[in-house]
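The lines below spell out each chain.
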Amino acid sequence: MTAQLDRERRTPQVSAGTATTSAGTAMTSAGTTPAPRRRRSGAITTRRHGLRCWGVMALLGGLSVFFTAGILSYDNPMPFGSDGYWLIAGMRVETVLVIGVVVFCQAMATVAFQTATNNRIITPSIMGFESLYVAIQTGAVFFFGIAGITLVTGLPQFLMQAAAMVLFATILYSWLLSGRFSNIHIMLLVGVVIGGGLGSLSTFMQRVLTPSEFDVLTARLFGNIGNARAEYLPYAIPIALAAAGALWWRARRLDVVALGRSTADNLGVNHRREVMIILTLVSVLMAMSTSLVGPMTFLGFLVATLAYQFADTYSHRMLFPMAMLIGYTVLAGAYFIMRNIFYAQGAVTLIIELIGGVVFLIVLMRKGRL
């Protein structure tokens, strides 16, 4: 009797196992990949993607080292290793530091700004940073003549310009993101209008300048590595590192903000608060870059676009270093080539703006929308 009951209890289990096995066989034969195989395939794809990203970053790192060595050593008239050689190389270190700070600020600020606004085409320049810089420079020459350039050159003036840009952006963000509008698109449109108004005011003042005054002013209105001074760097570098460090620390939250407002709020992230913090940090970085070398409208856009293409990921822990390496390679390479081959050092930013503008048009035509 006991043996018979045991046989009856085991019979359904055998039948169920047989049915399950038959169903699994049928599903496999129908073309469904088993779960272990799918996990293995996903792991292989992720590993390949990671290797490709690190390979691109290693290549960019090598190019960065090459161009840095070229800037420091090429056309150095003194014998290698002599005191005169290291003296000249030391004087060129300032240029390398300026390039690094500018790229660092532009790359971090543009990637974070595009995440906060959920738009891959616009850049922080749309908020009027560069228009405010141009208005300050033009107003100094308009009211005080050529001597006005000296009034906006120096460490106190550098810090005051940066503080004015940050204050301008902070007021704009706090007004349009915490008021009854609370719409980032309205904020962007207001930024465009204010930037256009400042640009028109600057153009009017430039038209009444004398040719000599306009010529001196023009050299300040184009982004130029030579605009930076050594005494700016001890203040610009710590401020930029602090703002970028805060963005890096919030990289995981940036990943969530990139999913959109509704998704971020549902995941427990205060989207409005995070966007305001991100935009404030972006304004600090852009103020440092613009006050240091002047307007560089399309550098950040070019760097961010290429970073998304090469990294092929939405993780900001990968996007930030990729963007910085691309930016340093592009700007340092352009500076080295234009300075030592074409002897047109001042045309570096013009070339960057031209290439960035072309890339902007290509991306815009491909997407078909802003």
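Report on the accompanying structure.

Thresholds, definitions, all that
Sequence order sets the numbering: in each chain, residues are counted from 1 along the sequence as written. A pLDDT threshold of at least 70 governs which residues receive local features in this predicted model, and a stricter bar of 80 or more applies before side-chain atom pairs are shown or counted, although totals over entire chains, interfaces and linings include all residues. Values shown for side chains rest on all heavy atoms present in the structure; no hydrogens or waters enter the calculation. Buried Ala, Val, Leu, Ile, Met, Phe, Trp, Tyr and Cys residues that are joined via side-chain atoms within 4.5 Å together make up what is termed a nonpolar core. The rule is simple: take the accessible area with a 1.4 Å probe, protein chains only, and divide by the maximum for that residue type; under 20% is buried, over 50% is exposed, in between is partly exposed. Secondary structure counts use DSSP, requiring at least four H or I residues in a row for a helix and at least two E residues in a row for a strand, with both numbered from the N terminus. We call two residues in contact when some of their heavy atoms are within 4.5 Å. Whenever Lys or Arg places a side-chain nitrogen within 4 Å of a carboxyl oxygen from Asp or Glu, that contact is recorded as a salt bridge. Multiplying one less than the number of residues by 1.5 Å gives the expected span of a helix. The arc in question is the one spanned by the directions pointing from the helix axis to the C-beta atoms. Patch membership requires over 30% relative accessible area and the absence of a salt bridge. Like charges are linked within 9 Å, and nonpolar side chains (Val, Leu, Ile, Met, Phe, Trp, Tyr) within 5 Å. Method for areas: the Shrake-Rupley scheme with a 1.4 Å probe, in which residue coverage is limited to the protein chains shown.

Counting 90 residues, the largest nonpolar core has Ile 99, Met 187, Leu 285, Leu 292 and Leu 331 as its most contacted members. No other element matches helix 3 (residues 83–117), which puts 15 residues into this core. If near-sequence neighbours (up to four positions away) are discounted, Leu 292 is found in contact with Val 98, Val 101, Val 102, Phe 158, Asn 227, Ala 228, Tyr 232 and Leu 233. Within the second largest apolar cluster, 6 residues are counted, among which are Ile 121, Phe 301, Phe 360 and Val 363.

A full pass over the atoms with the stated rule returns 4 salt bridges. A salt bridge links Glu 231 to Arg 229; the nearest nitrogen and oxygen atoms lie 2.8 Å apart. Across the pair Arg 273 and Glu 274 runs a salt bridge whose closest N-O atoms are separated by 3.5 Å. Among the charged side chains, a network of salt bridges with common partners joins Arg 250, Arg 253, Arg 273 and Glu 274.

Here we come to helix 14 (residues 316–340). Spacing of three or four residues puts side chains on the same side of an α-helix, whose turn is 3.6 residues. Relative to the 36 Å expected for 25 residues at 1.5 Å per residue, helix 14 spans 35 Å between its end C-alpha atoms, a close match to the ideal helical length. Helix 14 sits mainly inside the fold: 19 of its 25 residues count as buried.

Between its first and last C-alpha, helix 9 (residues 233–249) extends 24 Å over 17 residues, near the 24 Å set by a 1.5 Å rise per residue. Taken together, the buried positions of helix 9 are Leu 233, Ala 236, Ala 240, Ala 243, Ala 244 and Leu 247. Take helix 9 and look down its axis: the buried residues cluster within an arc of 115°, on one side only. Relative to its buried face, helix 9 has exposed residues pointing more than 90 degrees away, namely Pro 234, Leu 241, Ala 242 and Trp 249.

Turning to a nonpolar patch on the surface, a few remarks are in order. Side chains of Phe 142, Phe 143, Phe 144, Leu 151, Leu 201, Phe 204 and Val 208 sit close together on the surface and give an oily, nonpolar patch of about 730 Å² of accessible area. Of all the elements in the fold, those that place two or more residues in the nonpolar patch are helix 4 (129–144) and helix 7 (184–207). Looking at the nonpolar patch element by element, the count peaks at 3 residues for helix 4. Of the residues examined, Leu 201 reaches a relative accessible area of 44% and is grouped as partly exposed.

Right, let's get into the side chain of Arg 250. Positionally, Arg 250 belongs in the loop between helix 9 and helix 10 (251–257). By relative accessible area, Arg 250 is classed as buried at 11%. Apart from residues lying up to four places away in sequence, Arg 250 is in contact with Arg 273, Glu 274 and Ile 277.

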